[in-house]
Number of protein chains: 2
Amino acid sequence: MISSFYKEMTGKESVIRQFFDYSRARAAELGPDSVYNFSIGNPSVPAPQAFTDAVIRLMQEKDPVTLHGYSPTLGQPSTKKAIADSLNRRFGMNYGPEHIFPTSGAAGAIAHALRCVAGEGDSVITFAPYFPEYIPYVTGTGASLKVVPADTDSFQINFDAFLDMLAPDVAAVLINTPNNPSGIVYTEATIRRLAEILTEKEKEYGHEIFLITDEPYRELVFSGVEHPFVSAYYDNSICCYSFSKSISIPGERIGYVAVNPKAKDAEYIVPMCGQISRFTGHNCPSSLMQLAVEPVLDETSDISIYETNAELLYKELTRMGYSIVKPMGTFYMFPKSPDPDANRFCWSAAKELGLINVPGDSFDCPGHFRISYCVPTERIEKALPLFEKALSL
Amino acid sequence: MISSFYKEMTGKESVIRQFFDYSRARAAELGPDSVYNFSIGNPSVPAPQAFTDAVIRLMQEKDPVTLHGYSPTLGQPSTKKAIADSLNRRFGMNYGPEHIFPTSGAAGAIAHALRCVAGEGDSVITFAPYFPEYIPYVTGTGASLKVVPADTDSFQINFDAFLDMLAPDVAAVLINTPNNPSGIVYTEATIRRLAEILTEKEKEYGHEIFLITDEPYRELVFSGVEHPFVSAYYDNSICCYSFSKSISIPGERIGYVAVNPKAKDAEYIVPMCGQISRFTGHNCPSSLMQLAVEPVLDETSDISIYETNAELLYKELTRMGYSIVKPMGTFYMFPKSPDPDANRFCWSAAKELGLINVPGDSFDCPGHFRISYCVPTERIEKALPLFEKALSL
């Protein structure tokens, strides 16, 4: 018989997906100009030319048997070394290739990192607002997810609530900075305080608490904003990265786990990722993609449009009366909903105005809504009057 | 703390890996000509030119934002349709795109298919000799693996032992034809008998028994050998395919699940695969790779060398006195070990002669050893005198 656990899930579409589907249906019915779709975090700028060139060059010049042959279980050695070198150069770290495990994007990275450090009977703490896929990533390990409520004034960490929630069963803490959906970057003060608390609690509980950092937006930080490299502040940390947003290749499914060389048992974690892959049937990402990212490790797509859009939206929406914590990076912002029921607000705006945003309820943070502004600036300009109208829905 | 379950595994290298590592160490010490490495199933012929051309064309001509954008959760629609059409055309089936789920190779396909139909408290039956990674694929679902001993006279199915092992807790049966490591293809009679037994037992137990078919070698069948398409013989079947061997791209990690349209609850299984991916962090294979296989679905690499090698090895080794069930496809054969302890035989041949094969113990079939002959024919010609010497080790 088919699994009732997974079967029952198939009926329940995510709210993000429902809005996305509504926007497609409306566009099909009323024409594409009748929809302003700010529901999806799909990069809108092309991959760097150097990436495209690298793929073509590999295909034209390299022996196909070697190029497309099995990647070693723990990843292409040259890719692992290049990633470690890039991180060391940019963030003053001391990674070796043995600390890097290429994965299928950040999803694969987080799923592997969590299985390394959490299981049955453990808890993993994260902070609202958070990416809803954290729920299956965590529960897939057998552990349970505990959520610290948001500090909606700043979207930094609500430390009082965090301290209340910490307990000896906490095996790991999962953070996402720059943050989806708030667009906020954790300040150095936030990261230092988090590291201090974890270090204290490790002593108190007599075991490690791993800090897992979900960093696909690391390169998407706006000018003048400092973005500390989290792993530099806490030894028992595992960085989970994806090239999806920084070089606009989300469909290619490539990212990595970078294990802090100073973490307890650091030398075991990448080989453990290799073992975990055998159980999930995941294996390495595409050999070609591993090699193709090597020349662009220190590059990004031209992401300046995201900052342009953020400035415009923030300025105009706050002028209209929206309350917004100013985004510091990513391509999201997370205004307070004019209607306290953000779900009702988003559906009304979608149906009456063709303005598609996602309610904060999806990110365990009701009363807010997410705008994904990875779209041409012109679409935002045209949507501004609709945002104004939405205020009186 | 890190997971002791996965940590303990990292110490234990697979026997195949040990032989592979030994062969590399020996080559480094004594020169590459001192090693005849028949331990690895990595294709030795290039991918079809049409595949290379397709990748380059996509990179040159398609909008990169679309090309590298997120694949829909259940796979690229055009790829799903093309795969369904190809299977229907070649095997008289009736797949729709909704029955196809692109995966990271056969590993991803089997891991997904098993999670759809087996879990805690269930058993999954497979037949020796079998690919050792079936153990983590099955135990990763929570089910346990039961192994039917080999019929070493033919490497078809030992039906008496199978009938003894069937029980109401059996949720699925996992077969691999053409077979790694035996090179044998199940005959139509074998498949019919298997289907009859499963149908009877489904009635007796009052629940479905899914037949999961691991088919990465489907296209690697030698001339004159019939290879029935298994899913045509049994409704509750899920075909797991990989392009790794047929078009020589194992590192690109692309394959698929094809759900028999006549299977019970067929319409749920692909959406369930999408849900399963969320827990394992797997997601779809590379968007580029999904699109790049479309033009080569009915093609293979020039695989004639595998048959040439099989003929040569079989003729010469049987002449020397080896006892071998003649391979019908793949790039493996599975002779009886001259020393009843195949592990000892393989290590002696490796150390004394530089002849690297893998003992059948790894495939739960002691007393045999596997030769992977996906190598240039000239390497086999040179190795023949060593196989002769190995007889008197």
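Small disclaimer: the values here were computed from a predicted structure and weren't measured.

Caption draft 1: Here's a closer look at the confidence of the model for chain A. Here chain A shows a mean pLDDT of 96. Residues at 70 or above account for 100%. For this predicted complex, the interface confidence comes out at an ipTM of 0.95, alongside a pTM of 0.96.

Caption draft 2: Main features of the relation of the copies chain A and chain B. For the pair chain A and chain B, the superposition axis carries a translation of 0.0 Å, the fit reaches an RMSD of 0.0 Å, and the rotation angle comes to 180°. Put plainly, the chains are arranged around a two-fold axis. A share of 100% of interface residues in chain A that are also interface residues in chain B marks the association as one of identical surfaces.

Caption draft 3: Focus on the packing of aromatic side chains. Applying the stated criterion across every chain, the model contains 44 aromatic pairs over all chains. When the centroid spacing of 5.7 Å and the interplanar angle of 80° are considered together, the rings of Tyr6 of chain A and Phe279 of chain B count as edge-to-face. Remark: Phe279 of chain B occurs in helix 10 (residues 266-280) and Tyr6 of chain A occurs in helix 1 (residues 4-10); the pair is interchain, linking two chains. For Phe279 of chain B, a relative accessible area of 9% translates into the label buried. With a centroid separation of 5.5 Å and 75° between ring planes, the pair formed by Tyr217 of chain A and Tyr332 of chain A is classed as edge-to-face. Placement of the pair is Tyr217 of chain A in the loop between strand 6 (210-214) and strand 7 (237-242) and Tyr332 of chain A in strand 9 (residues 332-333), with a sequence separation of 115 residues. The pair Tyr217 of chain A / Tyr332 of chain A is uniform in exposure class, with both members buried.

Caption draft 4: Geometry of the interface of chain A and chain B. Contact residues are listed per partner, giving 72 residues for chain A and 72 residues for chain B. Of the roughly 6000 Å² buried at the junction of chain A and chain B (both faces included), carbon and sulfur atoms supply 62%. Counting the contacts that link chain A with chain B gives two salt bridges. Taking the shortest distance from any N to any O, the salt bridge between Arg278 of chain A and Glu133 of chain B comes out at 2.8 Å. Viewed at the interface, chain B and chain A are joined by 24 residue pairs in polar contact (both at pLDDT 80 or more). Going through the elements one at a time, helix 1, helix 3 (49-61), helix 4 (64-67), helix 6 (105-117), helix 7 (134-139), helix 10 (266-280) and helix 11 (287-293) of chain A are the ones with two or more residues in the side of chain A that touches chain B. The element that contributes the greatest number of residues to the side of chain A that touches chain B is helix 10 of chain A, accounting for nine residues. Tallied by class, residues from the side of chain A that touches chain B come to 36 nonpolar, 26 polar and ten charged.

Caption draft 5: Here's a closer look at the state of the cysteines. All names here are of chain A. Applying the stated criterion across every chain yields a total of zero disulfides over all chains. Cys240 supplies the cysteine sulfur nearest to Cys239, a cysteine that is in no disulfide, at a spacing of 6.6 Å. No disulfide involves Cys365; its sulfur sits 12 Å from the nearest other cysteine sulfur, which is in Cys346. Classification of Cys365 as buried rests on a relative accessible area of 3%.

Caption draft 6: Structural view of unusual backbone geometry. All names here are of chain A. The peptide bond linking Thr177 to Pro178 adopts the cis configuration, its omega dihedral lying at -10°. With respect to the helices and strands, the residue Pro178 is situated in the loop between strand 5 (170-176) and helix 9 (188-205). Cis geometry is found at the peptide bond from Asn180 to Pro181, where omega equals 20°. Phi is positive for Asp265, close to 60°, though the residue is something other than glycine. Counting through the fold element by element, Asp265 comes out in the loop between strand 8 (255-259) and helix 10.

Criteria and thresholds
- Throughout this description, residue numbers start from 1 for each chain and increase along the sequence as written.
- Chain letters start at A and ligand numbers start at 1, both assigned in the order the entries are written.
- Per-residue local features of the predicted model are confined to residues with pLDDT of at least 70, and side-chain atom pairs are confined, for both listing and counting, to 80 or more; whole-chain, interface and lining totals are unaffected and use all residues.
- Note that water and hydrogens are dropped before the side-chain values are worked out from all heavy atoms of the structure.
- In predicted models, pLDDT denotes the confidence assigned by the predictor to each residue on a 0 to 100 scale.
- When the copies are superposed, the least-squares fit takes in the C-alpha atoms of residues with a pLDDT of at least 70 in both.
- Contacts are assigned to residue pairs that have any heavy atoms within 4.5 Å of one another.
- Two rings belonging to Phe, Tyr or Trp (six-membered ring only in the last case) form a pair when the distance between their centres is within 6.5 Å. Interplanar angles under 30 degrees mark stacking, angles over 60 mark edge-to-face geometry, and anything in between is tilted.
- Comment: elements are numbered from the N terminus, with helices defined as DSSP H or I runs of at least four residues and strands as E runs of at least two.
- Exposure categories follow from relative accessible area, calculated using a 1.4 Å probe and restricted to protein chains: below 20% of the type maximum is buried, above 50% is exposed, and the middle band is partly exposed.
- Accessible area, probed at 1.4 Å, shrinks when two parts are joined; the buried area is that loss added up over both.
- For salt bridges, the criterion is a side-chain nitrogen of Lys or Arg within 4 Å of an Asp or Glu carboxyl oxygen.
- For the purposes of these results, a polar contact is taken to be a pair of N or O atoms within 3.5 Å, where, inside protein, one atom must be able to donate a hydrogen and its partner to accept one; residues adjacent in sequence count only when each atom of the pair is a side-chain atom.
- Classification convention: Asp, Glu, Lys, Arg as charged; Ala, Val, Leu, Ile, Met, Phe, Trp, Tyr, Cys, Pro as nonpolar; all other residues, Gly among them, as polar.
- Two cysteine sulfurs form what is called a disulfide whenever their separation falls within 2.5 Å.

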